[in-house]
Amino acid sequence: APYIVSVSNGEILSRPENPTRNGYIFLGWYTTSSCETKYEFTGTITENISRKDGGAIYATSGSTLEITGSVVISKNQVISGYGGGISTSKSTLKISGGTITENKVNNGGAGLYLVDSTFEMTGGVISNGWASYRGGGIYVQNGRPIFINP
């Protein structure tokens, strides 16, 4: 059975202790039960698929999301919704570092999709997104203040 870790609002995901069992060798943590892609706890969110919104992250109802340092959000996909990398609704998103790249969405906002959300970007990179409708990088709907400072 998969090992599931729940993270509450404001908590940071940290590496759990490696499990032990007599006669077995623990080979590492993986992103799927098929053990194809090893999870390295490096701040990378990659290769996820969502049917509706937020391929990597979906934040709503007053959430505050901060992307800093060397976080990488890449190669995530939304099949029929918005926000290949990140989708927010009535939330605050602050980006001061990291990379959001190569995300794909069949509607709008391959990198970011912001609905009634406040967005501030003082660093980081958003690149190489693909949207079949609007916003290969960022799609803002019913926008609140947007601040992008180099």
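Here, every reference points to the structure presented above.
Residues numbered from 1 in each chain as written. Predicted model: local features only at pLDDT ≥ 70, side-chain atom pairs only at ≥ 80, totals over all residues. Heavy atoms only, no water.

## So, the overall build of the chain
Note the threshold: Only DSSP runs of H or I covering at least 4 residues are called helices, and only runs of E covering at least 2 are called strands; the numbering of each starts at the N terminus. Relative accessibility decides the category of a residue: with a 1.4 Å probe and only protein chains considered, values under 20% of the type maximum give buried, values over 50% give exposed, and everything between is partly exposed. Whether two residues are in contact is decided by their heavy atoms: any pair within 4.5 Å suffices.
On a plain count of helices and strands, the chain comes out with 0 helices and 14 strands. When the helices and strands of the chain are read in sequence order from the N terminus, they spell out β-β-β-β-β-β-β-β-β-β-β-β-β-β. Taking all 150 residues of the chain together, 30% fall into the buried category. Sequence separation of at least 24 residues holds for 76% of the intrachain contacts in the chain that already meet a minimum separation of 6.

## Remarks on the packing of aromatic side chains
Here is the rule we go by: Stacked, tilted and edge-to-face are the three classes applied to pairs of Phe, Tyr and Trp rings, where Trp contributes its six-membered ring and a pair requires centres within 6.5 Å; stacked means planes under 30 degrees apart, edge-to-face means over 60, and tilted covers the rest. Two limits define a charge over a ring: the Lys NZ or Arg CZ must be within 6 Å of the ring centre, and within 35 degrees of the ring normal.
Taken as a whole and judged by the stated rule, the model has 3 aromatic pairs. Summarising the aromatic geometry, the rings of tyrosine 113 and tyrosine 139 are spaced 5.3 Å apart at their centres and angled 45° between planes, so their arrangement reads as tilted. Of this pair, tyrosine 113 sits in strand S10 (residues 112-115) while tyrosine 139 is found in strand S13 (residues 138-141), placing the two residues 26 residues apart along the sequence. This pair shows no difference in class: tyrosine 113 is buried, exactly as tyrosine 139 is. If you follow lysine 104 out to its NZ or CZ, it ends over the ring of tryptophan 130, 5.0 Å from the centre.

## As for a nonpolar patch on the surface
Definition in use: Patch definition: residues above 30% relative accessible area lacking any salt bridge, with like charges linked at up to 9 Å and the nonpolar side chains Val, Leu, Ile, Met, Phe, Trp and Tyr linked at up to 5 Å. Shrake-Rupley sampling with a 1.4 Å probe provides the accessible areas, and residues are treated as covered by the protein chains on show and by no other component. A side-chain nitrogen of Lys or Arg and a carboxyl oxygen of Asp or Glu constitute a salt bridge if their distance falls within 4 Å.
On the surface, Ile138, Val140, Ile146 and Ile148 cluster together into a nonpolar patch covering about 290 Å² of accessible area. Looking at the nonpolar patch, the elements with two or more residues in it are S13 and strand S14 (146-148). Here isoleucine 146 is to be found in strand S14. Looking at isoleucine 146, the relative accessible area reads 34%, which means it is partly exposed.

## So, the sheet that holds strand S7 (residues 86-89)
Rules: Strands are treated as partners if at least two bridges between them are detected by DSSP. To obtain each axis, a line is fitted to C-alpha atoms, and for helices this fit is confined to the stretch in contact; angles are then taken between N-to-C directions over 0 to 180 degrees.
Sheet architecture is open: 4 strands sit in the order S3-S7-S10-S13, paired in parallel fashion. The sheet terminates laterally at strand S3 (57-60) and S13, the two strands that pair on one side only. This sheet shows a mean twist of 5° between the axes of neighbouring strands, independent of strand direction.

## Observations concerning the sheet that holds strand S9 (residues 104-105)
Strand order in the open sheet formed by 4 strands is S2-S6-S9-S12, and the pairing between neighbours is parallel. Of all the strands in the sheet, just strand S2 (49-50) and strand S12 (130-131) have a single pairing partner and so form its edges. Note that strand S6 (residues 77-78) and S9 share 2 bridges and pair parallel. In the strand pairing of S9, glutamine 77 is matched with lysine 104.

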